[in-house]
Amino acid sequence: MNLLEAGSQPLVSIITLNYNQAAVTNSFLESSKRLLYTNYEILVCDMASDAEAARAIDTGKDPKTKLLLSKTNLGFAGGNNWGIRQAKGDFIFIVNNDTELTPDIIERLLLPFYQHTTIGAVCPKIKYFEYPHLIQYAGFKRMNPLTGRTFSIGDHETDNGQYDVAGITFGAHGCAMMVKRSVMEKSGMFPEKFFLYYEEWDLSARIQRAGFQIWYQPEAVIYHKESMTVGKNNPMRSYYLTRNRILYMRRNYSSFQLLTFFLFFTFFTIPKTLFTYLLKGQWQELKWFFRAIGYNLTHSGKSIV
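These lines cover the structure that appears in this document, whether it is placed above or below.

### Describing the overall build of the protein
- Broken down by element type, the protein carries nine helices and 10 strands.
- Sorting the 305 residues of the protein into buried and exposed places 53% on the buried side.
- Of the contacts formed within the protein by residues at least 6 apart in sequence, a portion of 75% connects residues at least 24 apart.
- Surface summary for the protein: the accessible area is close to 14200 Å², and the carbon and sulfur share equals 56%.
- Of the charged side chains in the protein, 33 are positive and 26 negative, and the gap between their average positions amounts to 9 Å.

### Here's the deal with the packing of aromatic side chains
- Going through the model one piece at a time under the given rule, you end up with 17 aromatic pairs.
- Between the aromatic rings of Tyr248 and Tyr253, the centroid separation amounts to 6.0 Å while the plane-to-plane angle is 70°, which identifies the pairing as edge-to-face. Of the two residues, Tyr248 and Tyr253, neither departs from the other in class, the shared state being buried.
- An angle of 75° between the planes, with centres 5.3 Å apart, marks the rings of Phe289 and Phe290 as edge-to-face.
- Grouped by ring-pair contacts, the aromatic residues Tyr137, Phe140, Tyr198, Trp201, Tyr216, Tyr248 and Tyr253 constitute a single cluster.
- A cation over an aromatic ring shows up here: Lys64 above the ring of Tyr40, its NZ or CZ 4.5 Å from the ring centre.

### Considering unusual backbone geometry
- At Lys61, a residue that is not glycine, the phi angle is positive and equals roughly 55°.
- For Lys61, the position within the fold is in the loop between helix H2 (51-55) and strand S3 (65-70).
- On the basis of relative accessibility, which here comes to 81%, the residue Lys61 falls in the exposed class.
- The phi angle at Tyr198 is positive, at roughly 75°, despite the residue not being glycine.
- Looking at the secondary structure, you find Tyr198 in the loop between helix H5 (181-187) and helix H6 (199-209).

### Points about the nonpolar core
- Val12, Ile14, Phe93, Ile105, Ile106, Met178 and Tyr248 are the most contacted members of the largest nonpolar core, which has 83 residues in total.
- Those residues in contact with Met178 that sit more than four places away from it in its chain are Val12, Phe91, Ile92, Phe93, Ile106, Leu109, Leu110, Phe113, Gly120, Ala121 and Val122.

### Considerations on the side chain of Ser152
- Note that Ser152 resides in the loop between strand S7 (135-137) and strand S8 (167-169).
- We classify Ser152 as buried; its relative accessible area is 17%.
- For Ser152, the side chain forms a polar contact with the main-chain oxygen of Gln136, separated by 2.5 Å.
- The contact partners of Ser152, leaving out residues within four places of it in the chain, are Gln136, Tyr137, Ala138, Gly139 and Phe140.

### Here's the deal with the pairing of strand S1 (residues 12-18)
- The buried fraction of S1 amounts to seven of the seven residues, a majority that puts the element mostly inside the structure.
- Both faces of S1 are covered, namely the face carrying Val12, Ile14, Thr16 and Asn18 and the face carrying Ser13, Ile15 and Leu17.
- Direction of pairing for S1 relative to strand S2 (residues 40-47): parallel, over a ladder of seven bridges. Of the residues in S2, the one forming a bridge with Leu17 is Cys45.
- Taken together, S1, helix H1 (residues 22-32) and S2 constitute a β-α-β crossover, and its handedness is right-handed.
- Relative to strand S4 (residues 91-95), S1 runs parallel, the two sharing four bridges. Bridging across to S4, Val12 finds its partner in Phe91.

What counts and how
- Residues numbered from 1 in each chain as written.
- Predicted model: local features only at pLDDT ≥ 70, side-chain atom pairs only at ≥ 80, totals over all residues.
- Heavy atoms only, no water.
- Helix = DSSP H or I, 4+ residues; strand = E, 2+ residues; numbered from the N terminus.
- Buried < 20%, exposed > 50% of the residue type's maximum accessible area, 1.4 Å probe, protein only.
- Contact = heavy atoms within 4.5 Å.
- Areas by Shrake-Rupley, 256 points an atom, 1.4 Å probe, with all protein chains shown as cover.
- Lys, Arg positive; Asp, Glu negative; His and termini not counted.
- Charge placed at Lys NZ, Arg CZ, Asp CG, Glu CD.
- Phe/Tyr/Trp six-rings, centres within 6.5 Å; stacked < 30°, edge-to-face > 60°.
- Lys NZ or Arg CZ within 6 Å of the ring centre and 35° of its normal.
- Core = buried A, V, L, I, M, F, W, Y, C linked by side-chain atoms within 4.5 Å.
- Polar contact = N/O pair within 3.5 Å; in protein donor to acceptor, adjacent residues only side chain to side chain.
- Pairing = 2+ DSSP bridges.
- Right-handed = clockwise from strand over helix to strand, strands pointing away.

The structure is reproduced here in structure tokens:
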């Protein structure tokens, strides 16, 4: 199937979020002008940015690009779901605004869906924008049921072609993932109670439970500027990573696996984190760490939203 022939192109909805980052989003939109694939729409979902910042987003009067303005910040999960509900495509391409698209990324991501009917989501090779020779993601390792953590395959390795074989991976990357709409109708969308972090893992788990696979496609490449929205040292980043790490485990693992996870978390993670934050005098991070634990003691983990 030649996906560059206009008559054979399914509609792809490209969904990206913006929150007070007009320059970053405009750079992303500029990169979209180089796409070889033609049958797509871009939905820029603004998450209640300052009015001036929202107005600074330049759609270039492109009829394929729409700016959608949310009255509230719905987070990564809720914001993307909001965009998905308004999307018209047969395929949904969730992609961070702090990325640069490569010209052939759409058709490269679409191809595996037509080669294997069991594929539910496809992710590209992700490389660091500032260091384009370095890999960020070449698939995910299996989630460790003891720690509730996983690692990206190839992270910070020089790309010498060592991860150029396509295949099944254990989880989709929220930075860039294409999902077939019919699959999402069976698995459900992102769990909105996560807000941000781990939501792609919860969705990946539900896609797999629905009988579909997550696929890594190295022929598709995207460049990521990484953590430009929240920031690596933001206490809220620590809060959501901790909160959702526990929440994800509660939603996706058996009682026995949860018991071992909670034992590990109680006798290793908490003492280590407490010592680290006290040693560095990071009082805000410490406060939000315990708030993250408290959330899981007072909120159900079962509902999708």
